[in-house]
Amino acid sequence: MKDYITIDGTRVPMTNSMRELGKMGKEVRRRARISLKARGKVVTGNLYNSIRYEQGVANNEKSLNLRFSFPGADYWQFVDEGVKGALSSAKAPRSPFRFGSGTGPKGRLRGSIDKWVVKKGIAPRGGGGQFASRKSMVYAITRSVYQTGIRPSYFFTNAYDRTLKQYSPKLEKAVGDDIENAISTLLNGGSV
């Protein structure tokens with residue numbers, strides 16, 4: 001990835017800026033992981049381990065980028081922002097996602113809940129204390145989740161917002177230092 005921007009045809013190295021972006025990316029990832037653990041959202045570790053970030057300069061060489069991705073955990077937004085239920089949006093009233101909207105993948109909820117029940121080691125019991133079938137328990141949980149939704153955790157949103165607030169002044173200073181170094185070098189007859 002490039003670590004320079006272009007100003008009037010001159011390449012300006014963004015060394016300090018890249019260093020601060022890297023620190024910010026690591027901090028967002030660290031805080032998001034802590035938040036997932038604290039909220040009891042780590043079952044398989046798939047989402048926890050998939051949090052990645054990339055830093056660099058945009059293709060137009062005029063802006064810095066810090067991108068986050070969750071390879072293998074395409075459901076991360078549902079965990080972060082929650083999902084409104086088909087019958088009630090009380091758990092996630094501000095979520096852009098809703099069960100029964102017809103836009104999401106079909107049939108994955110029951111399979112995912114079945115895997116979750118196995119990983120959690122939940123043993124279903126009937127009214128008389130006898131073990132019930134896992135299939136009927138999975139059906140009941142799936143139905144409840146579908147109807148009432150999933151509460152948001154904001155594991156990523158809060159981590160990103162807090163880190164951005166903390167690192168913005170440092171990043172601004174780093175960008176200023178990089179541009180100042182480039183101007184100083186150019187004024188003294190050197191090349192950047």
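This report concerns the structure included in the present document.

Definitions and cut-offs
- Here the residue numbers are simple positions, counted from 1 along each chain's written sequence.
- Where local features are concerned, this predicted model is filtered to residues with pLDDT of at least 70; where side-chain atom pairs are given and counted, the filter is 80 or more; whole-chain, interface and lining totals use all residues.
- Side-chain descriptors were evaluated using all non-hydrogen atoms of the structure, hydrogens and water having been removed beforehand.
- Residues qualify for a patch when their relative accessible area is over 30% and they have no salt bridge, like charges being joined within 9 Å and the nonpolar side chains of Val, Leu, Ile, Met, Phe, Trp and Tyr within 5 Å.
- Here the accessible surface of atoms and residues is derived via Shrake-Rupley with a 1.4 Å probe, and residues count as covered only by protein chains that are part of the display.
- We define a salt bridge as a contact between a side-chain nitrogen of Lys or Arg and a carboxyl oxygen of Asp or Glu at a distance within 4 Å.
- Put simply, DSSP H or I for four residues or longer makes a helix, DSSP E for two residues or longer makes a strand, and each gets a number counted from the N terminus.
- Helices are assigned an expected span. That span is 1.5 Å times one less than the residue count.
- Think of it this way: the bend at a residue is just the angle between two axes, each fitted to seven residues, one set ending at that residue and the other starting at it.
- Only protein chains enter the accessibility calculation, which uses a 1.4 Å probe; a residue is then buried when its area is under 20% of its type maximum, exposed when over 50%, and partly exposed in between.
- By the convention used here, residues are in contact when the closest approach between their heavy atoms is within 4.5 Å.
- The term polar contact refers here to a pair of N or O atoms within 3.5 Å; inside protein, the definition further demands a hydrogen-donor-capable atom paired with an acceptor-capable atom, and it admits residues adjacent in sequence only when both atoms are side-chain atoms.
- Here a cavity means grid points, on a 1 Å grid over the protein atoms only, where a 1.4 Å probe fits yet cannot get out; a pocket means an open set of points with protein on both sides within 12 Å along at least five of seven lines; lining residues are those with an atom within 4 Å of a point.
- Grid points are joined across faces, edges and corners, and a volume is the space filled by probe spheres set on the points.
- Under the grouping applied here, Gly and all other residues not named as nonpolar or charged are polar, the nonpolar ones being Ala, Val, Leu, Ile, Met, Phe, Trp, Tyr, Cys and Pro and the charged ones Asp, Glu, Lys and Arg.
- Throughout this description, the term nonpolar core refers to a set of buried Ala, Val, Leu, Ile, Met, Phe, Trp, Tyr and Cys residues connected via side-chain atoms within 4.5 Å.
- Here the axes come from fitting lines to C-alpha atoms, over the contacting stretch only for helices, and the angles between their N-to-C directions go from 0 to 180 degrees.
- Throughout this description, any angle smaller than 35 degrees is read as roughly parallel, any larger than 145 degrees as roughly antiparallel, any in the 65 to 115 degree range as roughly perpendicular, and the remainder as oblique.
- Here, a strand pair is defined by DSSP locating no fewer than two bridges between the strands.
- Crossing handedness is read from the near helix: turned anticlockwise from the far helix by less than a right angle, it gives a left-handed crossing, and turned clockwise, a right-handed one.

**Thoughts on a nonpolar patch on the surface**
Taken together, the side chains of Val43, Trp116 and Ile122 present a nonpolar region at the surface, about 220 Å² in accessible area. Within the secondary structure, isoleucine 122 is located in the loop between helix H4 (108–120) and helix H5 (134–148).

**Some thoughts on helix H6 (residues 155–187)**
Its 33 residues give H6 an end-to-end C-alpha distance of 47 Å, which sits within 8% of 48 Å, the value for a rise of 1.5 Å per residue. When the local axis directions of H6 are compared, the greatest deviation, roughly 45 degrees, occurs at tyrosine 167, which is followed within four positions by the proline proline 169. Of the positions making up H6, those classed as buried are Phe155, Phe156, Ala159, Thr163, Tyr167, Leu171, Ala174, Asp178 and Ala182.

**Some details on the side chain of serine 17**
Looking at the secondary structure, you find serine 17 in helix H1 (residues 15–38). The class of serine 17 is buried, set by a relative accessible area of 0%. Contact partners of serine 17, with chain neighbours within four places excluded, come to Leu64, Leu171, Ala174, Val175 and Asp178.

**Considerations on the side chain of serine 50**
Tracing the sequence through the fold places serine 50 in helix H2 (residues 46–50). You can call serine 50 buried: its relative accessible area is 3%. Within the local environment of serine 50, its side chain forms a polar contact with the backbone oxygen of leucine 47, the two atoms lying 3.1 Å apart. Discounting chain neighbours no more than four positions away, the residues touching serine 50 are Ser69, Phe70, Pro71 and Ala73.

**With respect to the layout of surface pockets**
Put simply, the largest pocket is a space of about 1,600 Å³. Together, 45 residues line the largest pocket, and Tyr75, Leu109, Ser112, Ile113 and Ile150 are the ones closest to its centre. By residue class, the composition of the lining of the largest pocket is 21 nonpolar, 14 polar and 10 charged.

**A few points about the nonpolar core**
Counting 26 residues, the largest nonpolar core has Leu36, Leu47, Phe70, Phe155 and Phe156 as its most contacted members. Elements supplying a minimum of two residues to this core: H1, H2, strand E3 (52–57), strand E4 (64–69), helix H3 (76–81) and H6. Apart from residues no more than four positions distant in its own chain, phenylalanine 70 is found in contact with Leu47, Ser50, Ile51, Trp76, Phe155 and Phe156. Among the nonpolar cores identified, the runner-up in size contains eight residues, and Val83, Phe99, Val138 and Val145 belong to it.

**Examining the packing of H1 against H6**
Their axes nearest at 8 Å, the elements H1 and H6 cross at an angle of 170 degrees. As far as their axial angle goes, H6 and H1 are roughly antiparallel. Across the contact of H1 with H6, the residue classes tally to 14 nonpolar, seven polar and eight charged.

**Structural notes on the pairing of strand E1 (residues 4–7)**
Note that E1 and strand E2 (residues 10–13) share four bridges and pair antiparallel. For threonine 6, the partnering residue across the bridge sits in E2 and is arginine 11. In sequence, E1 turns back onto E2 through a hairpin of two residues, with aspartate 8 there showing a positive phi of about 50 degrees.

**What about unusual backbone geometry?**
If you check the backbone angles, tyrosine 154 has positive phi at about 50 degrees while not being a glycine. Looking at the element boundaries, tyrosine 154 is found in the loop between strand E6 (149–150) and H6. By relative accessible area, which is 24% here, tyrosine 154 ends up partly exposed.

**Quick notes on the packing of H4 against H5**
A pair of packed helices is characterised by two quantities: the angle between their axes and the separation of those axes. Following both chains from N to C, one finds H4 and H5 inclined at 120 degrees, their axes separated by 9 Å at the closest point. It follows that H4 is oblique to H5 by the angle criterion. In this structure, the crossing between H4 and H5 has a hand that is right-handed. Listed contacts from H5 to Leu109, Arg110, Ile113, Asp114, Trp116, Val117 and Val118 of H4 are Arg134, Met137, Val138, Tyr139, Ile141, Thr142, Val145 and Tyr146. The residue inventory of the contact of H4 with H5, partitioned by class, reads 11 nonpolar, one polar and three charged.

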